Amino acid sequence: MADRLVVVLARCTDLRAEVDPLSGAITRDPRTAAFSASDAAAIEHGLRIGSAWGARTLVVTAGGVECEGPLREVLSLGAEVRRVPTRGSYVDELATDERALAKSLVAAIGGRPDLVLCADRSADRGTGALPAFVAHELGVVQAPGLVSLELDGEDLVAERRLDYGRRERMRVPLPAVCSVEAAGIRLRRASLPASLAAATAEVPVADVPVPGPAVRVLGARAARPRPRHLPAPTGSSRERLLALTGALLSHEPPTVVGPVAAPEAADALLEFLARNGYLSEARTGWTVQ
Amino acid sequence: MTDVIVVGAGPAGSAAALMAARDGLDVVLLERGPFPGSKNAYGGVVYGRVLDEVLPGWWEEAPVQRWVTRRSTMLLTETQALTVDFRSTDWGQAPYNGCTTFRADFDSWLAGKAVDAGAQLVTSTVATGLIVEAGRVVGVRTDRPDGDLRAPLVIAADGVNSFLAKEAGLLPRTQAKHLTLGVKEVLSLPREVIDERFGVRGDEGVDVELLGCTRGIPGGGFLYTNRDSLSVGVVVSLEHLTAAKVRAEDLVADLKAHPAVAPWVEGAELKEYTAHLIPEGGYDHLAELSTPGMLVTGDAAGLCLAAGIWLEGVNFAIGSGLAAGRHARSVIDSGDAKPYRKALEGSFVLQDHKRLRGAPDLVLSERVQQRYPGLVADLVQGLFTVTNPAAKPGALRLLRRAAKKNGVKLRHLLADGLAGGRVFR
Amino acid sequence: MSGDASGYDGLAFDDRMATVEFRVAERAHIVVDSDVCRSCTTKACVTACPANLFAPTSDGGILFNYEQCFECGTCYQVCNGEGALTWTYPDGGHGVVFRHG
Ligand SMILES: Cc1cc2nc3c(=O)[nH]c(=O)nc-3n(C[C@H](O)[C@H](O)[C@H](O)COP(=O)(O)OP(=O)(O)OC[C@H]3O[C@@H](n4cnc5c(N)ncnc54)[C@H](O)[C@@H]3O)c2cc1C
Ligand code: SF4
Ligand code: SF4
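Residues numbered from 1 in each chain as written. Chains lettered and ligands numbered in written order. Predicted model: local features only at pLDDT ≥ 70, side-chain atom pairs only at ≥ 80, totals over all residues. Heavy atoms only, no water.

Colleague: Any details on the interface of chain C and chain A? Residues and values, ideally.
Modeller: Of the residues lining the interface, 14 residues belong to chain C; the matching set on chain A comes to nine residues. For the pair chain C and chain A, the summed buried area comes to about 860 Å², and 35% of that belongs to carbon and sulfur atoms. Counting the contacts that link chain C with chain A gives two salt bridges. Residue A:Asp14 pairs with C:Arg99 through a salt bridge whose shortest N-O separation is 2.8 Å. Here chain C and chain A share seven residue pairs in polar contact (both at pLDDT 80 or more) between them. Grouping the constituent residues of the side of chain C that touches chain A by class yields five nonpolar, four polar and five charged. (Contact = heavy atoms within 4.5 Å. Buried area = accessible area lost by both parts, 1.4 Å probe. Salt bridge = Lys/Arg side-chain N within 4 Å of Asp/Glu carboxyl O. Polar contact = N/O pair within 3.5 Å; in protein donor to acceptor, adjacent residues only side chain to side chain. Nonpolar A, V, L, I, M, F, W, Y, C, P; charged D, E, K, R; others polar.)

What follows is the structure, encoded as structure tokens:
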């Protein structure tokens, strides 16, 4: 099939915005803008599937000019790139209406993609809602939270984590929106000649409506967990001393398992969890002997 | 075709790339961090006058935290502190003297100047080795796929651990004797509180050097004011720190707990903790500055000037980088590094080093480090303690007494005084 | 002044290190050969490493984790065991990222 298109929607942001320990002011450093591990995984999946299909791979990012560096790196990996400009402060950006953002991103793609990839959740917004809005906007199916994504002939076979450690394998009909976790895959590095060639390349800016904030954030402050107040022990001085040293509490001695083989160690762990009420047969489907 | 490969976008590398690019050469500037400055840590003051000629008015745009208008040198013992405090309004106006700035900001800014001049900056790329042909450096290997890059000249500006200078045999592999370890804390403190505590206003700032606060391990401490944070740390001899089995961050904690320092840092919260090595061997332990096809600059060549009350590395790195970049073309054309060496000899870079070549030994000596702070503090305490009803003791008697208490012989004091006079003449 | 090993200015070592960003690479850039360390008498790395990454083990060796490393070079400068340390820089873009420095 000719003219196929793989699109990756990747968020590029400071993965470790600084919160001042005294004032709580949040500073995002434009120099450390980067793709999170799962965004990078989505890009790598996009490059692999794109080249297997002989398709174009397009990476779209909504963000400020600070995203251009990381996008150039993607450019030097052979993908096309596009930036959807955002406006307002960092806090405004965090409060962007997710649905409007999905609309802008789809408008920026400007075609009918065969596959849209993105991270299961972005590093700093983290609602996980974007893929659903994008799928809705495009009118295609979505498969969120994938830990593997393989081509099987013309189909995609994906695997995802479910609650309680279960996994699900499925065939994903195309076109589709898939969101992936950073599992077992890392973004490849660009070659030196390609990096040099892309070092000053222009990053195209999509001419689409720029999404604004959905809510207005009035303020933010640093997290300051309160200390836990424990009542002073009462009773005779001997009792108080025993209470303070913990001598009156019953402690389960650490259980030493092993050295044993992995299956036996796993059994021992499960047995421990079941004995202490963390596992029940009904919830896990496991039978614990 | 690449003419010059500069390895390392620290002050030395960016200065070299700037001048070579201005000269019309095709320059590639390689940096292993995700952005220039991301791997670099220092104390906190840049003396920028070296930029006057090449970036006139640099002070208008450099990412300055505060201008140092007040400089204190403190001698500490566990219970005493003697301060020599100097302030000058001259340092608070153009062309200024020193500024506090963060390396992430300063190095990014200077690398940006090199890029504006036409150098190609490639970040997140490690130069892993040299390509050598017939005894001549002809390029570098990098850790990127298809990563070999060739050029008629390589400028090594890869800092204190310079593996490039080591690979070329210009720098010994290990030299703990001539290295100091610096650790630093950046502490958040509101701007008004800093202004209040240090008696400064606007963008005025303070530079405090502290001696005698490192448990007898040769070295010293520093405290600098940024806009709304303090930089506090110690710089200590690696050899002696290791022998004493003391952890460096404990020395910083000591310093912050000292009665003369604690009120300054009270209530300040840690924002970032950093560690970095410093080449402190001085003139007698510089690397060879070149090999065919390669020039060595900045810390890679050991050009940091560390002589007790001076710790200047960034300006020396810039000075040597500018010289390397300026003479890159003639070095390439003539195949001889002489123009670079001559330029350094004609500038402050080697002249200051030569003049102060004896300083590292003297300043890091046992007496200067461990005994003199106590001696001087005891002497001053004696002078200012009112001993009524006893009469005031004479100064010479106080000196004798302080010397004896601190285990110093007066003839050593005299000898060190003369030596100091010679070194710092 | 006291000489406690950790945190007597009210700051635990882990909290200190948590102020620094590390972009952990897949490849360990420093590898310690614990067999060589077993015959090392100084164990200089243990106190000298500003990131406190060298942990002595009960059998006289060293347990090392490369993830929170400043890449300062102190360990290989003070190491007294020939061949104990393989020291390289982390792959480009990885490792420590100073926001201030
Ligand atoms: C604790 C401390 C306090 C100090 N205080 C002061 C002070 O107050 N004032 C002052 O002027 N100086 C001070 N200095 C000294 C000053 O920091 C140095 O002298 C100066 O930074 C040297 O500059 P440089 O460009 O030579 O090296 P660096 O600044 O170390 O730059 C080297 C660059 O090369 C990169 N690099 C290294 N290897 C490679 C490679 N293989 N491939 C690609 N890139 C590579 C590094 O990432 C880095 O960006 C201090 C130093 C320390 C440690
Ligand atoms: S100093 Fe070197 S040989 Fe000794 S324990 Fe440390 S790493 Fe091992
Ligand atoms: S390079 Fe520095 S921080 Fe890293 S392990 Fe060695 S001594 Fe520790």
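Colleague: Can you explain the environment of B:Trp310? Please cite residues and give values.
Modeller: Residues and elements named next belong to chain B. Take Trp310: it is sitting in strand β20 (residues 310-312). Once the C-alpha coordinates of Trp310 and Glu209 are considered, the two residues, 101 residues apart in sequence, prove to be 9.0 Å apart. Every residue in contact with Trp310, bar those within four places of it in the chain, is listed here: Leu305, Leu356 and Phe424. (Helix = DSSP H or I, 4+ residues; strand = E, 2+ residues; numbered from the N terminus.)

Colleague: An account of the interface of chain B and chain C is requested, with residue identities and associated values reported.
Modeller: In this assembly, 51 residues from chain B lie in contact with 46 residues from chain C. Both sides together, the interface formed by chain B and chain C hides about 4100 Å², and carbon and sulfur atoms give 53% of it. When the buried area of chain B at its contact with chain C is split by residue, B:Arg247, B:Glu272 and B:Tyr273 rank highest and sum to 17% of it. The interface formed by chain B and chain C holds three salt bridges in total. At the junction of chain B and chain C, the tally comes to 25 residue pairs in polar contact (both at pLDDT 80 or more). Listing elements by their share of the side of chain B that touches chain C, those giving two or more residues are α3 (103-116), α4 (163-167), β12 (179-188), α6 (238-244), α7 (248-257) and β16 (269-279) of chain B. Looking at which element gives the most residues to the side of chain B that touches chain C, the answer is β16(B), with eight residues.

Colleague: How would you summarise helix α7 (residues 237-245) of chain A if you had to cite specific residues and measurements?
Modeller: Where burial is concerned, little of α7(A) is hidden: zero out of the nine residues are buried. Trailing α7(A) by a residue or two, A:Gly246 shows a phi angle of about 80 degrees, which is positive. (Buried < 20%, exposed > 50% of the residue type's maximum accessible area, 1.4 Å probe, protein only.)

Colleague: How would you summarise the nonpolar core if you had to cite specific residues and measurements?
Modeller: Residues and elements named next belong to chain B. Ranked by internal contacts, the top residues of the largest apolar core, which has 83 residues, are Val6, Val27, Leu51, Val140, Met294 and Ile318. No other element matches the eight residues that helix α1 (residues 11-22) contributes to this core. Ignoring sequence-local partners within four residues, the contact set of Val6 consists of Gly13, Ala16, Ala17, Val27, Val28, Leu29, Leu30, Ile155 and Ala157. One finds Leu210, Ile217, Val252 and Trp264 within the second-largest nonpolar core, a separate group that totals 69 residues. (Core = buried A, V, L, I, M, F, W, Y, C linked by side-chain atoms within 4.5 Å.)

Colleague: Quick one: what's the story with the packing of aromatic side chains, residue by residue and with numbers?
Modeller: Scanning all chains against the criterion turns up 18 aromatic pairs over all chains. Measuring from centroid to centroid gives 6.1 Å for C:Phe22 and C:Phe70, while their planes differ by 45 degrees, and the two rings are tilted. Taken together, the residues span a long stretch of sequence, with C:Phe22 in strand β1 (residues 21-23) and C:Phe70 in the loop between β4 (62-64) and α4 (74-78) at a distance of 48 residues. Comparing C:Phe22 with C:Phe70 shows no difference in burial state: the two are buried. Across the ring face of A:Trp53, the terminal group of A:Arg4 is positioned such that the distance to the ring centre comes to 3.8 Å. (Phe/Tyr/Trp six-rings, centres within 6.5 Å; stacked < 30°, edge-to-face > 60°. Lys NZ or Arg CZ within 6 Å of the ring centre and 35° of its normal.)

Colleague: For the pairing of strand β5 (residues 81-87) of chain B, give the residues involved together with the corresponding values.
Modeller: Residue and element names in this part refer to chain B. By the bridge criterion, seven bridges tie strand β4 (residues 66-76) to β5 in an arrangement that is antiparallel. Across the sheet, residue Leu75 finds its bridge partner in β5, namely Leu82. Counting the residues in the hairpin turn of β4 and β5 gives four residues. (Pairing = 2+ DSSP bridges.)

Colleague: Please set out the site of ligand 2 residue by residue, giving values where relevant.
Modeller: Near ligand 2 the following residues occur: C:Cys37, C:Cys40, C:Lys43, C:Ala44, C:Cys45, C:Ile62, C:Cys79, C:Asn80, C:Gly81 and C:Ala84. When grouped by side-chain class, the residues that make up the shell around ligand 2 number seven nonpolar, two polar and one charged. (Near = heavy atom within 4 Å.)

Colleague: Any chance you could break down the side chain of B:Ser229 for me, citing the residues and the numbers?
Modeller: Here B:Ser229 is to be found in strand β15 (residues 229-237). Ignoring anything within four residues of it in the chain, the contact list for B:Ser229 reads B:Phe102, B:Val186, B:Leu187, B:Ser188, B:Leu189, B:Ile194 and B:Tyr224.

Colleague: Describe the site of ligand 1, listing the residues and the values that go with them.
Modeller: B:Glu31, B:Gly43, B:Val45, B:Arg103 and B:Asp299 are the nearest of the 37 residues found near ligand 1. Neighbouring residues of ligand 1 are not confined to a single chain but are spread across chains B and C. Contact between ligand 1 and B:Gly43: a nitrogen atom at 2.9 Å from a main-chain N or O atom of the residue. Backbone polar atom of B:Val314 to an oxygen atom of ligand 1: 3.0 Å apart, as the coordinates give it. Isolated, ligand 1 exposes 990 Å² of accessible area, and the fraction of that covered by the protein chains is 98%. If you list the elements that add at least two residues to the shell around ligand 1, you get α1, β16, β20 and α9 (314-326) of chain B. Taken domain by domain, the makeup of the shell around ligand 1 includes at least three residues from each of domain 1 (4-65 + 101-172 + 287-357) and domain 2 (176-279) of chain B. (Areas by Shrake-Rupley, 256 points an atom, 1.4 Å probe, with all protein chains shown as cover. Domains from an automatic or database assignment.)

Colleague: Outline helix α12 (residues 348-355) of chain B, supporting the account with residue identities and numerical values.
Modeller: Residues and elements named next belong to chain B. The set of residues buried in α12 consists of Val349, Leu350 and His353. An end-on view of α12 places all buried positions within 80 degrees of arc, on one side of the element. Buried positions along α12 lie against β19 (305-307), α9 and α11 (338-345). (Arc of directions from axis to C-beta.)

Colleague: For the side chain of B:Thr142, give the residues involved together with the corresponding values.
Modeller: Within the secondary structure, B:Thr142 sits in strand β9 (residues 136-142). Judged by its relative accessible area of 8%, B:Thr142 is buried. Excluding residues that lie within four positions of it along the chain, B:Thr142 makes contacts with A:Leu192, B:Leu30, B:Thr125, B:Val126, B:Ala127, B:Thr128 and B:Gly147.

Colleague: Give a detailed account of unusual backbone geometry, specifying residues and quantitative values.
Modeller: Residue A:Pro175 is bonded to the preceding A:Leu174 through a cis peptide linkage, with omega at -5 degrees. B:Asn388 connects to B:Pro389 through a cis peptide bond whose omega is 5 degrees. With respect to the element layout, B:Pro389 can be found in the loop between α14 (366-384) and α15 (395-405). Of note, the phi angle at B:Lys245 is positive, near 55 degrees, even though the residue is not glycine. Topologically, B:Lys245 is positioned in the loop between α6 and α7. Judged by relative accessible area, B:Lys245 falls into the partly exposed class, the value being 45%. With a phi close to 60 degrees, C:Asn52 is a non-glycine residue in the positive phi region. Here C:Asn52 is to be found in the loop between α3 (44-48) and β3 (54-56).

Colleague: An account of the pattern of salt bridges is needed here, citing residue identities and associated values.
Modeller: Oppositely charged side chains can form a pair if their charged atoms are brought close together. For the coordinates displayed, the defined rule picks out 54 salt bridges over all chains. Salt-bridge contacts for A:Asp20 lead to B:Lys271; the nearest nitrogen and oxygen are separated by 3.2 Å. Pair noted here: A:Asp20 is in the loop between β3 (18-19) and β4 (26-27) and B:Lys271 is in strand β16, and the two residues belong to different chains. For the pair formed by A:Asp20 and B:Lys271, the shared burial category is buried.

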